[in-house]
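# Close look at the chain arrangement
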Amino acid sequence: MKHVVILISGRGSNMEAIVRAQIPGARIVAVISNRPDAGGLEFAARHSIASQVVDHRAFPSREAFDAALAELIDGFSPDLVVLAGFMRVLTDAFVSRYAGRLLNIHPSLLPSFPGLHTHRRALEAGVRVHGTTVHFVTPTLDCGPIVIQAAVPVLPGDDEASLAARVLVQEHRIYPQAVRWFVEGRLRLTEAGGVRVEGESDGPIGWTVPPVEA
Ligand code: GRF
């Protein structure tokens, strides 16, 4: 069994999608939040998953917080650490410690729109296609090797909420898929800085969702 630790800060719907996927060979050993009021903690408790809070406000520095977080994570002997709406910028030391076994989901088609407020910025930029990306985490924010992406159309009349909701449906599809590939040992980092999924065709991996009725 591969041990998976999931880090959240809020609602935890991606964590929930991963748990509900019941990925063979994966055991969700802990859900850890940096916020005591994260909604996702309740789901974890209801599903008898160990949940813990490391409140970042209790630490004098980013380094001290990350060190405490890493100590807690390591107690669960993780094979994979999954950032699922974890809203803290991590130190290089933390990222290096989990190099190659730290995944994140970002609500845009990277490298477009790294950082915050991605849906608002996509609307402001007038893009016609938007989406979401699962990637390995490297020290540069929202910049690591891409595992899988899914695209959605931007429809006339969209606002931030409607676009976010359309993207979220895809997040809930691709994150469990990425975790499944990792657990199956099929993700390979390429020399060119990308990711190859063993056993998949060389074609693009992901989904482009056709326009739907508004
Ligand atoms: C998601 O949109 C994720 O891409 C972003 O934060 C949001 C978290 O949602 N990083 P949830 O907590 O998984 O519901």
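Residue numbering note: each chain is counted from 1, following its sequence as written. Selection of residues for local features in this predicted model requires a pLDDT of at least 70, selection of side-chain atom pairs for listing and counting requires 80 or more, and totals for whole chains, interfaces and linings are taken over all residues. Excluding hydrogens and water, the side-chain figures rest on all heavy atoms present in the structure.

So, on to the nonpolar core. Ile-6, Val-82, Val-134, Val-147 and Tyr-175 are the most contacted members of the largest nonpolar core, which has 35 residues in total. Either an automatic procedure or a domain database provided the assignment from which the domain bounds are taken. A domain split of this core shows at least three residues from each of domain 1 (1–98) and domain 2 (109–135 + 146–214). Here, nonpolar core refers to any group of buried Ala, Val, Leu, Ile, Met, Phe, Trp, Tyr and Cys residues whose side-chain atoms link them within 4.5 Å. Buried residues are those whose accessible area, probed at 1.4 Å on protein chains only, stays under 20% of the maximum for their type, while exposed residues exceed 50% and partly exposed ones sit between those limits. Listed in part, the 20 residues of the second largest apolar core include Ala-30, Leu-83, Phe-94 and Tyr-98.

In a regular helix each residue adds 1.5 Å, so 24 residues correspond to 34 Å; helix H6 (residues 160–183) covers 34 Å between its end C-alpha atoms and thus fits that length. Directly after H6, the chain includes Gly-185, whose backbone phi takes a positive value near 70°. Helix and strand assignments follow DSSP, with helices taken as H or I runs no shorter than four residues and strands as E runs no shorter than two, numbered in order from the N terminus. The span one expects for a helix is its residue count, reduced by one, times 1.5 Å.

Further remarks concern the packing of helix H5 (residues 118–125) against H6. Lines are fitted to the C-alpha atoms to define the axes, a helix being fitted only along its stretch in contact, and any angle between axes, read from their N-to-C directions, falls within 0 to 180 degrees. One way to put it is that H5 packs onto H6 with a least axis distance of 9 Å and a crossing angle of 115°. Between H5 and H6, the angle is such that the two are roughly perpendicular. The element H5 and its partner H6 pack so that their crossing is right-handed. For the pair formed by H5 and H6, the contact residues are His-119, Arg-120, Ala-122 and Leu-123 on the first element and Glu-160, Leu-163, Ala-164 and Val-167 on the second. To sort the angles, those under 35 degrees are grouped as roughly parallel, those over 145 as roughly antiparallel, those from 65 to 115 as roughly perpendicular, and the leftovers as oblique. Handedness of a crossing is defined here by the sense of rotation of the near helix relative to the far one, left-handed for an anticlockwise turn of less than a right angle and right-handed for a clockwise turn. By definition, residues are in contact when any of their heavy atoms lie within 4.5 Å.

Here the focus is the confidence of the model for the protein. Across the protein, the average pLDDT comes to 94, with 93% of residues at 70 or higher. Segment residues 208–214: pLDDT under 50, and nine contacts once partners within four positions in sequence are set aside and those in other chains are kept. The pLDDT score gives, residue by residue, the confidence of the prediction method on a 0 to 100 scale.

Think of a salt bridge as a Lys or Arg side-chain nitrogen and an Asp or Glu carboxyl oxygen that are within 4 Å of each other. Scanning the entire structure with this criterion turns up eight salt bridges. Here Arg-97 ties to Asp-74 by a salt bridge, and the two come within 2.6 Å at their closest N and O atoms. Here Arg-97, found in helix H4 (residues 92–97), pairs with Asp-74, found in helix H3 (residues 62–74); they are 23 residues apart in sequence, far enough to count as distant. Under the relative-accessibility criterion, Arg-97 is labelled partly exposed at 44%. Ionic pairing is found between Arg-186 and Glu-184, a salt bridge with its closest N-O pair at 2.8 Å.

Bringing unusual backbone geometry into the picture now. Negative phi is the rule for most residues except glycine; trans is the rule for most peptide bonds. The amide bond that connects Leu-110 to the next residue, Pro-111, takes the cis arrangement and shows omega of 10°. The phi dihedral of Ser-48 falls on the positive side, at around 55°, and the residue is not glycine. If you trace the backbone, Ser-48 turns up in the loop between helix H2 (40–46) and strand E3 (51–53).

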